[in-house]
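Structure assessment
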Amino acid sequence: MTTPHQPMFSLPQLGWRPFFQQQLGLDQWEYPAGRVVAQHRNRLDLLFESGAGDYFLHPDMPPVTVGDWLLFNPDGKFERLLERQSLFRRKAAGIKSAEQLIAANVDALFIVSSMNEDFNLNRFERYLSLAHEARVEPVIVLSKADLCDDQEPFRKKVQELDPLLMVVRVNCLDAEDIKKLAPWCGTGKTVALMGSSG
């Protein structure tokens, strides 16, 4: 494992919370924890309090995905994968029992669709099912509000899927309008995006 020594982040900024802290034994409180931000064929890119680093995968490690928290011992060796708070996964192609991990420890899923001919309720239902299975809050983001003269029918159709569903209409070219999404984008929050248009 390689990491720089200059502090760059706090763990809460990276999404650390009591859920992960409570998984540590007293002797592990000072162990470095890194969050996976990218996965390559044989290595991981991670973010630590000390900055960015990488770690080469080895066969003894459990399956890991983007968003996971990994604990390392003081010598920089992999200690363990922390339990996940949420997990997106799907069946791997061609193998009945295998599954592919997509992302872990996500707080909210922005399901994005433009308010035009690309709007598709069946697609919303599939993405909502993924969000519920992963235990992640779904937020419907209806984009291209600047190009849609009558937005209410789009909002109404989505709201009929679930009266409690959060539906936000935005003009992605307007910085002020984008602030409508701020409640889900605070410090330490992890948001994933899914959809056909943004």
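Heads up: these notes are all about the structure in this document. (Residues numbered from 1 in each chain as written. Predicted model: local features only at pLDDT ≥ 70, side-chain atom pairs only at ≥ 80, totals over all residues. Heavy atoms only, no water.)

1. A word on the pairing of strand 9 (residues 137-143)
Short version of the rule: For the exposure calls, accessible area comes from a 1.4 Å probe over protein chains only, and a residue counts as buried if that area is under 20% of its type's maximum, exposed if over 50%, partly exposed in between. Helix and strand assignments follow DSSP, with helices taken as H or I runs no shorter than four residues and strands as E runs no shorter than two, numbered in order from the N terminus. In this description, strands pair whenever DSSP reports at least two bridges between them. By convention, a crossover is right-handed whenever its connection, traced from the first strand over the helix to the second and viewed with the strands pointing away, goes clockwise.
Within strand 9, six of the seven residues are buried, which leaves it mostly tucked inside the rest of the structure. Note that strand 8 (residues 108-114) and strand 9 share seven bridges and pair parallel. Of the residues in strand 9, the one forming a bridge with F110 is V139. For the crossover that starts at strand 8, traverses helix 2 (residues 121-134) and ends in the parallel strand 9, the hand is right-handed. Of the pairings in the sheet, the one linking strand 9 to strand 10 (residues 166-169) comprises four bridges and is parallel in character. Looking at strand 10, one finds that V141 is bridged to V168. Handedness of the crossover joining strand 9 and strand 10 through helix 3 (residues 152-159) is recorded here as right-handed.

2. A closer look at the nonpolar core
Threshold: For our purposes a nonpolar core is just a set of buried Ala, Val, Leu, Ile, Met, Phe, Trp, Tyr and Cys residues, chained together by side-chain atoms within 4.5 Å. Whether two residues are in contact is decided by their heavy atoms: any pair within 4.5 Å suffices.
Ranked by internal contacts, the top residues of the largest apolar core, which has 22 residues, are F88, L109, I111, F124, I140, L142 and V158. Contributing elements (two or more residues each) for this core: strand 8, helix 2, strand 9 and helix 3. Per element, the largest residue contribution to this core is five residues, and it comes from helix 2. Those residues within four positions of V158 in sequence are excluded, and the remaining contacts are F119, L121, F124, I140, L142, L165 and V167.

3. Considerations on the state of the cysteines
Heads up, the condition is: Disulfide: a pair of cysteine sulfur atoms within 2.5 Å of each other.
Taken as a whole and assessed by the stated rule, the structure comprises zero disulfides. Between C148, a cysteine without a disulfide, and C172, which holds the nearest cysteine sulfur, the sulfur-to-sulfur distance is 13 Å.

4. Here we look at the sheet that holds strand 4 (residues 69-72)
By definition, the strands of a sheet pair up through backbone hydrogen bonds, in either a parallel or an antiparallel sense. Here is the rule we go by: Axes here refer to lines fitted to C-alpha atoms; in helices the fit is confined to the stretch in contact. Angles between the N-to-C directions go from 0 to 180 degrees.
Taken in spatial order, the five strands of this open sheet run 3-2-1-4-5, and their pairing is antiparallel. Looking at strand neighbours, the two that pair on one side only are strand 3 (51-56) and strand 5 (78-81), the edges of this open sheet. When the angles between neighbouring strand axes are averaged without regard to direction, this sheet yields 40°.

5. Re the environment of R155
Tracing the chain through its elements places R155 in helix 3. A sequence separation of 15 residues divides R155 from I140, and the C-alpha atoms of the two residues are 9.2 Å apart.

6. Let's talk about the environment of V106
Checked against the element boundaries, V106 lands in the loop between strand 7 (99-104) and strand 8. Between the C-alpha atom of V106 and that of P63, which follows or precedes it by 43 residues, the distance is 17 Å. Filtering out sequence-adjacent residues up to four positions away, V106 remains in contact with S86, F88, V136, T190, V191 and A192.

7. Here's the deal with the packing of aromatic side chains
As a reminder, the rule being used: Between the rings of Phe, Tyr and Trp (Trp by its six-membered ring), a pair exists once the centres lie within 6.5 Å; its type follows the angle of the planes, with under 30 degrees stacked, over 60 edge-to-face, and the other angles tilted.
As enumerated under the stated definition, the model contains 10 aromatic pairs in all. Seen in terms of ring centroids, W16 and W69 are 4.9 Å apart; in terms of plane orientation they differ by 80°. Their pairing is edge-to-face. One end of the pair, W16, is in the segment before helix 1 (18-21); the other, W69, is in strand 4, with 53 residues separating them in the sequence. Each member of the pair W16 and W69 is classed as buried. Ring centres of F20 and W69 lie 6.0 Å apart, and the angle between their planes is 45°; on these two criteria the pair is classed as tilted. One end of the pair, F20, is in helix 1; the other, W69, is in strand 4, with 49 residues separating them in the sequence. Neither residue differs from the other here; F20 and W69 are each classed as buried. Each member of the aromatic cluster is reached from another via a ring pair, and the members are W16, F19, F20 and W69.

8. Topic: the pattern of salt bridges
Oppositely charged side chains are able to pair whenever their charged atoms sit close together. What counts, and what does not: In the sections that follow, a salt bridge refers to a side-chain nitrogen of Lys or Arg positioned within 4 Å of a carboxyl oxygen of Asp or Glu.
Overall, the coordinates contain eight salt bridges when judged by the stated rule. For R155, the salt bridge identified is with E152, shortest N-O distance 2.5 Å. One end of the pair, R155, and the other, E152, are both in helix 3, three residues apart, so they sit about a helical turn from each other. Looking at E152, the relative accessible area reads 35%, which means it is partly exposed. Via salt bridges that share partners, E152, R155 and R169 belong to a single interconnected network.

As far as function goes, none of this settles anything; it's purely spatial.
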